Amino acid sequence: MTHPIGIRLHQCARTFARQQTALHPLDLQIEPGETLVLLGPSGCGKTTTLRIISGLERCDAGGEVWFDDRNVTALPIEKRNVGMVFQNYALFPHLNVAQNVAYGLRIQRLPESDIRLRVKAMLKMVDLSDFADRSVQALSGGQKQRVSLARALAARPKVLLFDEPLAALDAKLRDKLREDIGTLLEQLGITAVYVTHDQQEAMALGDRIAVMNKGRIEQIAAPRDIYHQPATPFVADFVGAVNRLSLPAGEFYCRPEDIHLGHVHGSMLQGTVLHSTFLGQSQRVWVAVAPGKAAVQIDCSPRQQWPVGEQVGLYAAPGNLFQI
Ligand SMILES: Nc1ncnc2c1ncn2[C@@H]1O[C@H](COP(=O)(O)OP(=O)(O)OP(=O)(O)O)[C@@H](O)[C@H]1O
Ligand SMILES: [Mg+2]
């Protein structure tokens, strides 16, 4: 593999008809070999940003897209050497697995023997060697997504772009394929941009996460920093549950897993158990701490019993409280 490239967006905006702004002028630097995740709610501009990087979409006049020191703003997708993986697979139903993977290579007019070798290597990489002759219509969702990943990689792209590739899969399969994609991205060292609205997927795959809201990036940082040092209340709330606590020293935020329940005496806050939900690997308990205030959410061991109506004390290590 040749060395990975860096991507730079400079003042990239996108306004659709009737002055609807999908993206405010955006500056974004993606480092060579990095996996950057674009995370945010529906309609925040993730796909639009990805499409501008790919060349499927043009940004408004004045914006620029750079791949290393090459200005690619005016180049269409087929000249940018990017591979794309979509939620809906976008496979050709009348072609079998190997033919789908080979498709782009045939268009590039590679010699047939090279194509065969490369398709074989790609199918091995995504663990589908035994499926080469299978119709893609006779595959599970997870297998289809592996084919589309193999097809994207076969052309040896400089950049891999993913748009919610796991959104259509069930939870177990999603976890497995997420692991596999993560391993693959690490091995390949390719520059990748990955769009999702699932915060766990973002945490697991991103070297950095850009949290988007209403056409802007609210914060861009490593997953741990996004989670533990969110820059805005929106980011704090979007990447997981968060409590806002009124303490004598001021207003603080705290994650549910950083609060412990115990005796009332000597605790940071006191309250009454409202209800609890058993989640298998953990348990979430809601505690009312003051009239008119949102109940505090606490994640604790599923084996503990916290009966409704019980008076409890809340505890948190000072280092786990943060302000925004
Ligand atoms: N072709 C278009 N014409 C008009 N508006 C558009 C077009 N494409 C996107 N938009 C609007 O731009 C905004 C951003 O859309 P985008 O597809 O980038 O969102 P997204 O973050 O990918 O959302 P989702 O998670 O639902 O896929 C939305 O308000 C959307 O309605
Ligand atoms: Mg989208």
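What you see is a predicted model; the values in this text were computed from it and never measured.

### So, the pairing of strand S2 (residues 20–30)
Phase 1 of the analysis: In terms of strand pairing, strand S1 (residues 7–16) meets S2 through 7 bridges, oriented antiparallel. From the neighbouring strand, Phe-16 faces S2, where its bridge partner is Gln-20.
Phase 2 of the analysis: Two successive antiparallel strands, S1 and S2, enclose a turn made up of 3 residues, where Arg-18 displays a positive phi of approximately 55 degrees.

### Quick look at the sheet that holds S1
Phase 1 of the analysis: Strand order in this open sheet of 4 strands is S2-S1-S4-S5, and the pairing throughout is antiparallel. Of all strands in the sheet, those bounded by a partner on one side alone are S2 and strand S5 (70–71).
Phase 2 of the analysis: Bridge count for S1 against strand S4 (residues 64–67) is 4 bridges, and the pairing is antiparallel. When the bridges of S4 are listed, His-10 appears paired with Glu-64.
Phase 3 of the analysis: Against the sheet, helix H1 (residues 46–54) touches S1, S2 and S4, its axis set at about 120 degrees to S1.

### Details of the sheet that holds strand S17 (residues 311–315)
Phase 1 of the analysis: The strand order across the open sheet formed by 5 strands is S13-S17-S14-S15-S16, and the pairing between neighbours is antiparallel. Each edge of the open sheet is held by one strand with a lone partner, namely strand S13 (260–262) and strand S16 (296–300). The mean angle between the axes of side-by-side strands here comes to 50 degrees, regardless of whether they run parallel or antiparallel.
Phase 2 of the analysis: Sheet topology places S13 next to S17; 3 bridges connect them, and they run antiparallel. Bridge pairing in S17 links Leu-261 to Leu-314.

### Notes on the site of ligand 1
Phase 1 of the analysis: The local shell around ligand 1 consists of Phe-16, Gln-20, Ala-22, Gly-40, Ser-42, Gly-43, Cys-44, Gly-45, Lys-46, Thr-47, Thr-48 and His-197.
Phase 2 of the analysis: If you list the elements that add at least two residues to the shell around ligand 1, you get S2 and H1.
Phase 3 of the analysis: Broken down by element, the residue count for the shell around ligand 1 peaks at 3 residues, all from H1.
Phase 4 of the analysis: Tallied by class, residues from the shell around ligand 1 come to 3 nonpolar, 8 polar and 1 charged.

### Some remarks on the domain arrangement of the protein
Phase 1 of the analysis: In terms of domains, the protein is made up of domain 1 (7–235) and domain 2 (243–320).
Phase 2 of the analysis: Computed from C-alpha coordinates alone, the two centres of domain 1 and domain 2 are separated by 39 Å.

### Remarks on helix H2 (residues 97–107)
Phase 1 of the analysis: Every buried residue belonging to H2 is among Val-97, Ala-98, Asn-100, Val-101, Ala-102 and Leu-105, and all of these are buried.
Phase 2 of the analysis: At its buried positions, H2 is contacted by helix H3 (112–125) and helix H4 (141–154).

### Observations regarding the packing of H2 against H4
Phase 1 of the analysis: Put simply, H2 and H4 touch, their axes get as near as 8 Å, and they point 25 degrees apart. Considering the angle they form, H2 stands roughly parallel to H4. Once H2 is placed against H4, the crossing between them reads as right-handed. On H4, the residues that touch Val-97, Asn-100, Val-101, Tyr-103, Gly-104 and Leu-105 of H2 are Val-147, Ala-150, Arg-151 and Ala-154.
Phase 2 of the analysis: Grouping the constituent residues of the contact of H2 with H4 by class yields 7 nonpolar, 2 polar and 1 charged.

### Here we look at the nonpolar core
Phase 1 of the analysis: Ranked by internal contacts, the top residues of the largest apolar core, which has 68 residues, are Val-101, Ala-150, Leu-161, Val-193 and Val-211.
Phase 2 of the analysis: Broken down by element, this core gets its largest block of residues, 6 residues, from H4.
Phase 3 of the analysis: Setting aside its immediate chain neighbours within four residues, Ala-150 contacts Val-101, Met-122, Leu-123, Met-125, Val-126 and Leu-128.
Phase 4 of the analysis: In this structure, Leu-269, Val-287, Val-312 and Ala-316 belong to the second largest nonpolar core, which totals 12 residues.

### Details of unusual backbone geometry
Negative phi is the rule for most residues except glycine; trans is the rule for most peptide bonds.
Phase 1 of the analysis: Although it is not a glycine, Asn-81 sits at a positive phi angle of roughly 60 degrees.
Phase 2 of the analysis: Topologically, Asn-81 is positioned in the loop between S5 and strand S6 (82–86).
Phase 3 of the analysis: Even without glycine at this site, Ala-90 takes up a positive phi of about 50 degrees.
Phase 4 of the analysis: Tracing the backbone through its elements, the reader meets Ala-90 in the loop between S6 and H2.

### Some words on the packing of H2 against H3
Phase 1 of the analysis: Two numbers describe how H2 lies on H3: the axes approach to 10 Å, and their chain directions differ by 130 degrees. Considering the angle they form, H2 stands oblique to H3. Crossing angle aside, the handedness with which H2 passes H3 is right-handed. Each of Ala-98, Val-101, Ala-102, Leu-105 and Arg-106 in H2 lies in contact with H3, whose residues at this interface are Ile-115, Arg-118, Val-119, Met-122 and Leu-123.
Phase 2 of the analysis: In terms of residue class, the contact of H2 with H3 is built from 8 nonpolar, no polar and 2 charged.

Conventions we followed
Residues numbered from 1 in each chain as written. Chains lettered and ligands numbered in written order. Predicted model: local features only at pLDDT ≥ 70, side-chain atom pairs only at ≥ 80, totals over all residues. Pairing = 2+ DSSP bridges. Helix = DSSP H or I, 4+ residues; strand = E, 2+ residues; numbered from the N terminus. Contact = placed C-beta atoms within 7 Å. Axes fitted to C-alpha atoms, helices over the stretch in contact; angles between N-to-C directions. Near = placed C-beta within 6 Å. Nonpolar A, V, L, I, M, F, W, Y, C, P; charged D, E, K, R; others polar. Domains from an automatic or database assignment. Buried ≥ 20, exposed ≤ 12 C-beta atoms within 10 Å, placed from the backbone. Parallel < 35°, antiparallel > 145°, perpendicular 65-115°, else oblique. Left-handed = near helix turned anticlockwise from the far one by under 90°. Core = buried A, V, L, I, M, F, W, Y, C linked by C-beta atoms within 7 Å.

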